[in-house]
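# Structural overview
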Amino acid sequence: MSSEMIPEYEVVHGKPRAFYERFERKQELQHQTHYCPGCGHGIVHKMLARAIDELGIQDRTILVSPVGCSVFAYYYFDVGNVQAAHGRAPAVATAAKRSRPGSIVVSYQGDGDLCAIGAAEILHAANRGEHITVIFVNNGIYSMTGGQVAPTTLLGEKSTTTPRGRSAENEGYPLHMSELLATLEAPVYIERVGLGDNKQIAQATRAVRRAMENQVRGLGFSLVEVLAPCPTIWKKTPVESQRWVRDVMEKTFPLGVFCDRTKTAQARALPAAGPALEELPKILHVAEEDLVEDNPAAMAQRSKDLDLRVRVAGSGGQGVLLLGEVLAEAGLDAGLEVSWLPSYGPEMRSGTSNCHVRLAGRPIDSPLVTNPDVLVAMNEPSLRKFYESVRPGGWILYNGESYPEDCVRSDVHVLARQFTHVADELGDARAGNMVMLGALLEIAEVLPEASVDEALRHLVKTPKWVELDERALARGRELYRESMEGVCHAT
């Protein structure tokens, strides 16, 4: 046959451009993909890649893949890829979309990830109508971790954690996430499709493209649930698994469109992008030009070896956290590196409360303060809990009439006073925390008064309390100076 008689062929289907040219694996596994023979992920990957190609959005797409078999997506898609913690893909996708409004963001999740640990994430993302597309691959089992029961596991099905089969009485009913999300007002499009035969696959392909197109049009939240086979964990052949999707799974999870507002939905304005990184110091009032008078930015350079570690402890209602906040805010205003870590119980009043504060001239490695330079103990239980942790040479400020003899240490300094009574004499016993802070500031000598005043005005909104707190700080400083003259007991 001559070359003139050879017919010309048009390529109808080929490898999507949204895929990498070469799929990389570990050296000894280069001959295979990450997915088992008959796995639904490969099919869904192709659907998504084709939709990206057809819509011409490859350079705009960000794919968020969490823990589970979906974690491998970044090996295949030549788009922006972000790895998310288990169940957190909708939250990460929200952040990506809001920070880059012009991007097309896809949250690609399995059923254990989306319906179990990530149930709250997907529920609230859908309820907010986030401008993202969610591809939900439902194979009714935890596949990657060995086959535990999932929220979507069918009744009667055995798993490593339901060896006798799932029962409604013990594990509850299979969770219908598409139906649940469809009750919300914000989602634009929710459909469940399957991979049980070629007809179902064709419909699934259309649904995935439509969900992606909705985001391109700016319509809001779309989700496509895909019933997918898992031959390895189901212990079936690929052909048996595909039939199982069509003949068994579909009875529990009927296919169909559960929400479609695309005809009436209007393109909504995207949330404004967040501020640029270089603008944050100005917004937080820690830029050099925002520093108050008499508080030069050079202080951080002079204090590069500073690392003050403070533990504040007491009961709820004593102002433990506010004391730490004022200290931390003053450090920020002074140009120092700062960390503030609160810890408190569920009670509104009288429950345990403490916080860790670090002020440093260099970047802080951890906010935890295990061996404080200064312990501020506002009651005896807090003193007894933490006094042994104070580093040798450090200070203990104790709010008590006398320091307990069985807590005395010869290698630390102690200032024990009824700071609450001192504050009461000034006008309100609740200012006792500021009296103790004043003593702490006088001991540490690391913060200018101007920074402390600025922090106080930033955190305390009532002028009456600002004035009282300022007097309490001054009185606390006086108490320390008096103690150095031998008026107060110091060990």
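Cut-off values and rules
- The residue numbering used here restarts from 1 in each chain and proceeds along that chain's sequence as written.
- Local features in this predicted model are restricted to residues whose pLDDT is 70 or higher, and side-chain atom pairs enter the listing and the counts only when it is 80 or higher, whereas totals over whole chains, interfaces and linings include all residues.
- The basis for the side-chain values is all heavy atoms of the structure; hydrogens and waters are excluded.
- Remark: nonpolar core denotes a set of buried residues (Ala, Val, Leu, Ile, Met, Phe, Trp, Tyr, Cys) joined through side-chain atoms within 4.5 Å.
- Residue burial is assigned from relative accessible area. The probe radius is 1.4 Å, only protein chains are included, and a residue is buried under 20% of its type maximum, exposed over 50%, and partly exposed in between.
- Every helix listed is a DSSP run of H or I at least four residues long, and every strand listed is a run of E at least two residues long, numbered separately from the N terminus.
- Residues count as neighbours in contact if any of their non-hydrogen atoms are within 4.5 Å of one another.
- Two strands are said to pair when DSSP picks up at least two bridges between them.

## Some points on the nonpolar core
Counting residues in each nonpolar core, the largest one holds 45 residues, and the members touching the most others are Val310, Leu327, Val376, Leu397 and Leu447. It is helix H15 (residues 432–444) that provides the largest number of residues to this core, a total of eight residues. Ignoring any residue separated from it by four or fewer positions in sequence, one finds Leu327 in contact with Val310, Val357, Leu359, Leu437, Leu440, Leu441 and Leu447. Counting residues in each nonpolar core, the second largest holds 37 residues, with Met47, Ala51, Leu63 and Ala73 among its members.

## Describing the pairing of strand E10 (residues 352–360)
Burial analysis of E10 places eight of its nine residues in the buried class, the great majority of the element. Pairing of strand E8 (residues 307–315) with E10 involves nine bridges; the strand directions are antiparallel. Residue pairing for E10: Val312 is matched across the bridge by Cys355. The pairing of strand E9 (residues 337–344) with E10 spans eight bridges and is antiparallel. In the sheet register, Ser343 faces E10, and the bridge partner there is Asn354.

## Some words on unusual backbone geometry
Unlike most non-glycine residues, Lys235 shows phi in positive territory, near 60 degrees. With respect to the helices and strands, Lys235 occurs in the loop between helix H8 (231–234) and helix H9 (238–252). Given a relative accessible area of 72%, Lys235 falls into the exposed group. Phi at Glu445 is positive, roughly 50 degrees, even though this residue is not glycine.

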